[in-house]
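Chain and residue survey
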Amino acid sequence: LKSSDPSHNFRRASYCPTIIAAMAAMLLREETKALMAQWRQSLGRRSQSTFAGRNVLPQPTTPAAPAATQQRHLQQVATSTSGLSMPPFPSAMLREALSADRDTAPPVAAPTAPHSVLSCMPVNNGKQVVLEFGDESRYEVHSQWLRDSNPSNRGADFYRTSASDVWNLKKYTVSQVTPVEGGRRVEVTYDIATGGQHTETFEAHWLHAFAPFVGKALNASAVLAPKIQGTGSMLGELYRKRMPWKSDVEMPTFDAATLVSSEEEQIKFLEAMMCPGICLIKGVGTPDKLEREFAGKPIEDLVFKLIGKMNQHPVRSTNYGVMRKTAESAKQGADYDMSNPLSMHTDHSVYQGTPGFLQFLYQAEGSVRSKVCDGLALAEYVKEHHPKAYKLLTEVQMTHSSRNTLYTREGAPRSVYNKETAPAPFELVNTHSIIELDAKGNVEKVVQSETKRGVGALPYDVYDDFMEAYELWTKLCEDDRFIKHFHWPEGSAVVTNNYRTLHGRASVPPEMNRTMAFGYVNKILVENRYRLLKQNQAERANPEMDSRWLTRVPNQVLERMVLASE
């Protein structure tokens, strides 16, 4: 309708641009809200990529325009109505429109963990399950393996609760599998052939660690792990990264009280025993008495708290030995005569398999100066500069052997020169290469003791070459370029990796009394102690991955779980 009053028509026309702009602002506000809702819905679909048992792939969406772009658009709308002069766009309405972006914007999604389960589904009539992880790897695993491996099968003693469960595995097929708690866990429901259903939950971290070993790779991101052969070791990665050292090496130092109270410090200690393979523990203290039954108690107690019991000698009444700077102690033989210089050597060369992996040398009385050298550095030097000798020292085997008559049947020390005191003798023999290599050609162990070298049975055609290589080796063991000298105070302990570190006789001042106790821990005990410490450390970092998931698994799989949590 037209008004007969021209001024009225003019006033109405002057307000039209304002009305149009307001309407445009309201439309833009609604459009912004819709875009925000669509964005939020799209992110929700990405985090829950399984719906009703089917994979849901994330769909591309158009993100909402940034606030600055929206503001320019509003100002353009407010000033572009057929060239008419317009009042400024109402600031309150502009703020209201722009606030839609801030009010409806979803929170920034946390990065997806590589081990999170994005999607999963049963296949092949529930006989297998497909798992897709946050690192985009996809694996297919057996449903029976899932049922057989869940921690619900074991009791408080960490043993399986039933020996007959294995007979019923074929009765279980998966009917539904769903990521829960943002993919941190997976809920699996089984149909049981005899009737009923069973539901249990798995940690995604645990599944991700096992999948490369037990699954079938379904895409390029799914890399299968090497087939597990043997027990392996949680110390394996440190073993592979060992570095040789020479006379300028810094010897790691630990405090006994801190070691006892801190598992993190115990981890550092055992890792130091792999490389560099030597350390000094201060603050061990001195014994209440220096008699044989008491002299080694401080180190015996410390080792028990850190690792476990020291190896028990076949005859000796204590699981540690004692050496003294006395004429009486020297009667036990050359090893116990502190006035007799010893060449650089490893211990237990006569014991088959070298049971003493870590060696604890405790200074119960007196302060001395001692020395060590790195067998790995010696081996690497020979390999580089004398390859022919290295080949002989790694392939030709020699024998270390002795008969031990150092103790009575009661386990007390005896003089080897006293025919009236009956010994409790036992034979020892160990035939091996000087430098022992593992299956991949890496130096695994050095076994060296010239005083305990037995009668050789070297083949005729290699005798000359081998003895020349062995002479080179023994001279390098005494080469100052490789020998680390250090001060060894009373009440402290030197710990060596007996598979790589050689040691020599300490220098004792003439006026100094000295009592030294020594003992050993085997490799299996050390490796399993480190395994436990790393399990505890991983659980502290992620309490959801507790002993239910970290125990009863191969070292190779546990290594993936532990490394992923660091």
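In what follows, the accompanying structure is described. Note that the coordinates shown come from a computational prediction; the quantities given were computed from them, not determined experimentally. Each chain has its residues counted from 1, following the order in which its sequence is written. Per-residue local features are limited, in this predicted model, to residues with pLDDT of at least 70; the limit for side-chain atom pairs, both in listing and counting, is 80 or more; totals at the level of whole chains, interfaces and linings are taken over all residues. Calculated side-chain values reflect all of the structure's heavy atoms, with hydrogen atoms and water omitted.

A simple rule labels every residue: compare its accessible area, found with a 1.4 Å probe on the protein chains alone, to the largest value its type can have, and call it buried under 20%, exposed over 50%, or partly exposed in between. Counting from the N terminus, the helices are the DSSP runs of H or I reaching at least four residues and the strands are the DSSP runs of E reaching at least two. If you check which residues of helix α12 (residues 375-385) are buried, you get Gly375, Leu376, Ala377, Leu378, Ala379, Tyr381 and Val382. What makes two residues a contact is simply this: any of their non-hydrogen atoms within 4.5 Å. On the buried face of α12, the contacting elements are β14 (368-374), α13 (387-395), β17 (435-437), β18 (443-446), α14 (463-477) and β21 (501-503). Polar contact is defined as a pair of N or O atoms within 3.5 Å, subject to the rule that within protein one atom must be able to donate a hydrogen and the other to accept it, and that residues adjacent in sequence are counted only when both atoms are side-chain atoms. Its side-chain oxygen placed 3.2 Å from the backbone nitrogen of Leu376, Asp374 serves as the N-cap of α12.

Residues enter a nonpolar core if they are buried and are Ala, Val, Leu, Ile, Met, Phe, Trp, Tyr or Cys, with the set joined through side-chain atoms within 4.5 Å. Membership of the largest hydrophobic core comes to 70 residues, with the highest contact counts inside it found for Trp206, Leu207, Phe269, Ile281, Ile307, Phe360 and Met561. Sorting elements by how many residues they give to this core places helix α5 (residues 204-214) first, with six residues. Apart from the residues within four sequence positions on either side, Leu207 is in contact with Leu131, Phe133, Trp145, Leu146, Val186 and Phe202.

Turning to the packing of helix α8 (residues 263-272) against helix α15 (residues 523-541), a few remarks are in order. To obtain each axis, a line is fitted to C-alpha atoms, and for helices this fit is confined to the stretch in contact; angles are then taken between N-to-C directions over 0 to 180 degrees. The geometry of α8 relative to α15 is characterised by a closest axis approach of 10 Å and an angle of 140° between their N-to-C directions. By the angle between their directions, the pair α8 and α15 is classed as oblique. Where α8 crosses over α15, the two elements pack in a sense that is left-handed. Every residue of α15 that contacts α8 at Glu263, Glu264, Gln266, Ile267, Leu270 and Glu271 is listed here: Val526, Arg529, Tyr530, Leu533, Lys534, Asn536, Gln537 and Arg540. Under the scheme applied here, ten amino acids are nonpolar (Ala, Val, Leu, Ile, Met, Phe, Trp, Tyr, Cys and Pro), four are charged (Asp, Glu, Lys and Arg), and all others, including Gly, are polar. Classifying every residue of the contact of α8 with α15 by side-chain character gives five nonpolar, three polar and six charged. When describing relative orientation, an angle under 35 degrees is termed roughly parallel and one over 145 degrees roughly antiparallel, while 65 to 115 degrees is termed roughly perpendicular and anything else oblique. Here is the rule for handedness: rotate from the far helix to the near one, and if that takes an anticlockwise turn smaller than a right angle the crossing is left-handed, while a clockwise turn gives right-handed.

This part takes up the sheet that holds strand β20 (residues 493-497). Hydrogen bonds between backbone groups are what pair the strands of a sheet, and the pairing can be parallel or antiparallel. With respect to topology, six strands assemble into an open sheet ordered β10-β11-β20-β13-β22-β12, the strand pairing being mixed. Bordering the open sheet on either side are β10 (253-255) and β12 (321-324), each of which pairs with just one other strand. Here the average twist between neighbouring strands, direction ignored, is 25°. Only strands joined by at least two bridges in the DSSP assignment are considered to pair. Relative to β20, strand β11 (residues 278-282) is paired through four bridges, and the arrangement is antiparallel. By the bridge assignment for β20, Ile281 is matched with Ala493. Running over the sheet, α8 touches β10, β11, β13 (358-365) and β20 and is turned about 150° from β10. Against the sheet, helix α10 (residues 297-306) contacts β11, β13, β20 and β22 (515-521), and its axis sits at roughly 145° relative to β13.

What follows concerns the packing of aromatic side chains. Here the aromatic set is Phe, Tyr and Trp, taking the six-membered ring for Trp, and pairing holds for ring centres within 6.5 Å; pairs whose planes are under 30 degrees apart are stacked, those over 60 apart are edge-to-face, and all others are tilted. Scanning the model with the defined rule gives 13 aromatic pairs in all. Pairing Phe254 with Phe269 gives two aromatic rings, centres 5.8 Å apart and planes at 85°, and the pair type is edge-to-face. In this pair, Phe254 sits in strand β10 while Phe269 sits in helix α8, placing the two residues 15 residues apart along the sequence. Classification of Phe254 as buried rests on a relative accessible area of 8%. Residue class for Phe269 comes out buried when judged on its relative accessible area of 1%. Feature note: the residues Trp145, Phe202, Trp206, Phe210 and Trp549 constitute an aromatic cluster, connected by ring pairs. Cation over ring: Lys445 sits above Tyr499, and NZ or CZ is 4.6 Å from the ring centre. Over the face of the ring belonging to Phe357 we find Lys523, whose NZ or CZ atom lies 5.7 Å from the ring centre. Placement of a positive charge over a ring is assigned whenever Lys NZ or Arg CZ falls within 6 Å of the ring centre and within 35 degrees of the normal to the ring plane.

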